[in-house]
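Chains, contacts and geometry: an overview
What follows is each chain in one-letter form.
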Amino acid sequence: MAEFFNTYGFLIVSAIFGAILGISVYLPLMAGQLSLATPGFYALGGYIAAIASTKMLTDTTGTLPVWWVLLEMLSAGLISGLLAIVLGIPVLRLRGIYLAIATIAFVEILRVVALNLDITGSAVGIFGIPQPFQSPLEYLWIALPLLGLSMAFMYRLEKIRVGRALIAIREDELAADSMGINPTYYKVLAFTLAAILAGMVGAVSAHFLNTWNARQGTFDASIIFLAFVLIGGSRTFLGPVVGGIVLTALPEVLRGFSSVNGVPVWLGQFLKDGRLIIFGVLIVIGTIFYPKGIITPEFLGWCKRTTKKVLAKNKQGA
């Protein structure tokens, strides 16, 4: 078991980060907003952490203090949230594909800016980012609590007035507005919360990956993060969590399958390098056959009823 965790520690932590980023994409979708800005805030958070630990911290010998990483995450979340408010007030008046295009433009603007600034390392990026842990698996000390807090927050959010207002806007914005719900306020709120979460994940990911460059926040990443939600489920926060974990692990599974004896060379090469194509096919298939994703409220209800029946039957048998 220890060998398994040491071998796949990097993948396990990456899958948890993917689940959190899936939640970040899901938050605007709660209000019916197709925002693809998550990679931009993710990249911004990573740059904040990379610059803070390599340019501002003078003594980086030895292991980086964990409290410094937590401070970077807090700073990245605050800066991302403030930028989301400034961006969200004008942009979130758009809807549908127009909002998606606007957020893609935001991601590209941040990428081009990062490519042309000396402080971000230009096209080369920032290397040798100090590490708070000795092995990738130890990042679970940050990743697991962050995922747990995010899931607890989302569970509570869906039960209170704010969550119900977001869902009402998603179902019918005009009807929600007529009931006294301010669509702009709640959409900006969801967008800001998503940005804070993405910025915090980006901050810790910069240390986790040990390097950070403009390739971290691209349109490709937007599609991948969106796939987490569309495949996992867009009607409950558990969908993006499951989608993020499964789809983050999927490339490694396909890479392992490509090495199996008897698999044609061309197919093995496609499984290794065709991740975006495979994700695109999954999105199309999921949209047709599972428009709400795999994990839906109805599916969770069925699981709950089935579990109760099994437990009741076991209790009677005992």
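It should be noted that the structure appears before, not after, this text.
This section reports on the structure supplied with the text. (Residues numbered from 1 in each chain as written. Predicted model: local features only at pLDDT ≥ 70, side-chain atom pairs only at ≥ 80, totals over all residues. Heavy atoms only, no water.)

**A word on empty space enclosed by the protein**
Taken as a whole, this structure holds one cavity of 30 Å³ or more when the rule is applied. Counted as a void, the largest cavity has a volume near 30 Å³. In terms of lining residues, the largest cavity is bounded by Ser-24, Pro-28, Ser-35, Ala-37, Thr-38, Phe-41, Phe-191, Ala-194 and Ala-195. Looking at the lining of the largest cavity, the elements that each hand over two or more residues are helix 1 (2–30), helix 2 (38–56) and helix 8 (183–209). The element contributing the most residues to the lining of the largest cavity is helix 8, with three residues. Within the lining of the largest cavity, the residues separate by chemical class into six nonpolar, three polar and no charged. (1 Å grid on protein atoms, 1.4 Å probe; cavity = no way out; pocket = protein on both sides within 12 Å on 5 of 7 lines; lining within 4 Å. Points joined across faces, edges and corners; volume = space filled by probe spheres on them. Helix = DSSP H or I, 4+ residues; strand = E, 2+ residues; numbered from the N terminus. Nonpolar A, V, L, I, M, F, W, Y, C, P; charged D, E, K, R; others polar.)

**Focus on the environment of Gly-217**
The topology assignment puts Gly-217 in the loop between strand 2 (211–212) and helix 9 (219–232). Its relative accessible area of 3% is what places Gly-217 among the buried residues. Sequence separation between Gly-217 and Pro-39 is 178 residues, and the spatial gap between their C-alpha atoms is 4.6 Å. Residues in contact with Gly-217, not counting those within four places in the same chain, are Pro-39, Ala-43, Val-107 and Arg-111. (Buried < 20%, exposed > 50% of the residue type's maximum accessible area, 1.4 Å probe, protein only. Contact = heavy atoms within 4.5 Å.)

**Remarks on the layout of surface pockets**
Picture a little ball the size of a water molecule; that probe, rolled over the atoms, points out where space is still empty. Of the pockets and cavities examined, the largest pocket occupies roughly 750 Å³. Lining the largest pocket are 28 residues, with Ser-14, Tyr-42, Ile-224, Thr-248 and Arg-275 sitting closest to its centre. Of all elements in the fold, only helix 1, helix 8, helix 9, helix 10 (238–258), helix 11 (265–273) and helix 12 (275–289) reach the threshold of two or more residues within the lining of the largest pocket. With six residues, helix 1 is the single largest residue contributor to the lining of the largest pocket. When the residues that make up the lining of the largest pocket are grouped by side-chain class, the tally is 16 nonpolar, six polar and six charged. The volume enclosed by the second largest pocket comes to roughly 330 Å³.

**A look at unusual backbone geometry**
Within the chain, Ser-122 stands out as a residue other than glycine whose phi angle is a positive 55°. With respect to the element layout, Ser-122 can be found in the loop between helix 4 (96–115) and strand 1 (126–127). Overall, Ser-122 belongs to the partly exposed group, its relative accessible area being 22%. Residues other than glycine seldom take positive phi values, yet Asn-210 does so here, at roughly 70°. A relative accessible area of 34% places Asn-210 in the partly exposed class.

Bear in mind that shape data such as this cannot, by itself, settle questions of function.
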